[in-house]
Amino acid sequence: MGDFSTQFHRFVALCTEEYLIKYANKGLYNRAQKELEKGAQVTYEFQADQVTCTLDDGTVCQLTDQIERFSCTCPSDKICKHVLLAILSYHRQEGIEAQAPTADFSWILTQPIDTLCRHFTESQIDEVLFRVHYEEELAIAEGAFLTVALTFQGVEVSFLEEADIAKSMCSCKEKAGCIHRLEALIRYRMRHGITDFEQLHQRTIDVTYSADVVSDTRALIAQIAATGLAKLPQTVCDRLEVLAIAAHNGNLPNLEREIRGINGELGLFFKRHVRFSKDLFRKRLTRVIMNLEALEQTTATVEQKAQLLGRFKSRYYPIPRLQLYALGANPWETRSAYKGITYYFYSPDDGGIYTYTEARPVYYEDVSFAFADQYAKRSPWNHDLTMKQIAGAQLVATTCKVNRERRLSSSEETSIAIKPRMRIEDVELGELVVTDWAQVRGNEGRQLFADRREQLMMLKASHVAQTHFDQKTQTFLITVEDAKGNQLPLTIPYNKEWAGSVRFLEKSRELLGLRDFYILARQVDDAIEPISMLKDASLSNLKLDF
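Note that the coordinates shown come from a computational prediction; the quantities given were computed from them, not determined experimentally.

*Asks:* Can you walk me through the pairing of strand E18 (residues 515-524) in this structure?
*Replies:* Here is the key point about a regular strand: its side chains alternate between the two faces of the sheet. For E18, a buried count of seven out of ten residues is recorded, marking the element as mostly surrounded by other parts of the structure. The pairing of strand E15 (residues 456-470) with E18 spans seven bridges and is antiparallel. The residue bridging Lys-460 from the neighbouring strand is Tyr-518, located in E18. For E18 and strand E19 (residues 527-535), the ladder comprises seven bridges, and the chain directions are antiparallel. By the bridge assignment for E19, Gln-523 is matched with Ile-528. Hairpin geometry of E18 and E19 is characterised by an intervening segment of two residues between the two adjacent antiparallel strands and by a positive phi of about 55 degrees at Asp-525.

Next comes the structure, spelled out in structure tokens:
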């Protein structure tokens, strides 16, 4: 009994104001102090491994030499006022002056990351690895705890001297599923020059896939190439659809998309559609075969295989703040009967392009998608603003959700604030800007393990040389010229929903008179499609604003 009394005495000496507030909260601590000042009395009866504390209001607490191990006859299942009162009263009765010892938190930097994150799931690790690439302001304080404040998120994580991240405390109060603790730990290690990305990333990658689907796809593509388009039966489309479903079930998301793309191309061929191109179809088949061969190579790294496999539905992760500068909006329609509008934003935070897309399948009879109506609708983040207003704005998004492809979620938790829009000439766009058209022509190929995101560019143009609608290909051509006199044709495929815009642009003297401006464009196969024109602080979306 005497031994436990000594242990308890030593424990109480560690219970500083900071210590007790961290485990409870400041409100409870202040209430306990007031009760003590009013004359509250506590009696103590020591047992072998605990002490029974009886308060003068009849409440009984059982305390040990560890603050997490307690019980109280009050209804609370957390540290309550009575527990704090019992500890503070013992302080006063025994004349103990609480003083935090010199703590050693070196374990946070010296222990292997695998040991530190053993309590977290692969999904949680994956989310933290994503979030730590975004800027966060840290405030670090050392005392009885090592406290790391994630300022933008308004969260504090406190680590104990004991080398166990599971015993750390987070101000968000979530016990299960709280990943702020892991984020604070990794950011703290990063602050001290320790990066664990590669080691942690290995734990989140799944590169298992169906070898049978790969083999069947190779065989079918070989058969298509050997038979030739002229003799190819339309039943091949059914086989491709079945193979796409098998690819989905076999953890082959990129292959599923490619197979559906081949199916869509063949659909155009069988309809004798003017948009079908034998060259592009052949390139697609070649790309699929090359990717399959690379996937089967034993020398391919885990990261390369993961990139070749791709992802199905990408997860969205919350990030505290993101600055966005609108670059334009592009309506589109796929050969598989999907329609949508994609909005493009540049972020000076990381120099990346972020997108937000509204889309839906329109092959159902009761489903429609009118571009003009969608463009004029209220935004999901701020109902006072339309998507048209956002498409030409500069804004700051807070509590927004983003996936690895830098796509923005429509989450209603996101709030946006409009800022005065900068001149496009004053925005540091970096490698996004192309000033020499020869760079565009030389960038038509794509390396095997290159980024599979949409290929976007900002063209710096001197003026528009000419415009022309090609009746044969059903495309509107805008020939632009750079400062060196090089010319580049930009194409807008015909669609009845933006036919009015095309007619206006074809006859627009203002377009021909425009000088020294920027064009947001995307590379689609061998063509360059313009999305918007930007000059000073103004922006015009070619298919939507005319």
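*Asks:* Please explain the sheet that holds strand E11 (residues 352-361) as it appears in this structure.
*Replies:* Sheet strands pair by backbone hydrogen bonding; their relative direction is either parallel or antiparallel. With respect to topology, five strands assemble into an open sheet ordered E11-E10-E9-E12-E13, the strand pairing being antiparallel. The open sheet is flanked by E11 and strand E13 (415-419), the only strands paired with a single partner. Within the sheet, the average angular offset between the axes of one strand and its neighbour, ignoring direction, is 40 degrees. Sheet topology note: the strand E9 (residues 317-333)/strand E10 (residues 338-347) ladder contains eight bridges and is antiparallel. Paired with Asn-330 across the strands is Thr-342, a residue of E10. Where helix H7 (residues 122-131) meets the sheet, it contacts E9 and strand E12 (394-402), and its direction lies at approximately 80 degrees from that of E9.

*Asks:* Hey, could you run me through the confidence of the model for the protein in this one?
*Replies:* Caution applies to low-pLDDT regions: their predicted coordinates should not be interpreted in detail. In the predicted model, the protein carries a mean pLDDT of 84, and the fraction of residues at 70 or more is 93%. Looking across the protein, the model is least confident in helix H17 (residues 437-441), with a mean pLDDT of 69, and most confident in helix H16 (residues 387-390), with 94. Under a pLDDT of 50 for its full length, residues 444-451 has, in the predicted model, 16 contacts with residues more than four places off or in other chains.

Calculation rules
- Residues numbered from 1 in each chain as written.
- Predicted model: local features only at pLDDT ≥ 70, side-chain atom pairs only at ≥ 80, totals over all residues.
- Heavy atoms only, no water.
- Buried < 20%, exposed > 50% of the residue type's maximum accessible area, 1.4 Å probe, protein only.
- Helix = DSSP H or I, 4+ residues; strand = E, 2+ residues; numbered from the N terminus.
- Pairing = 2+ DSSP bridges.
- Axes fitted to C-alpha atoms, helices over the stretch in contact; angles between N-to-C directions.
- Contact = heavy atoms within 4.5 Å.
- pLDDT = per-residue confidence, 0-100.

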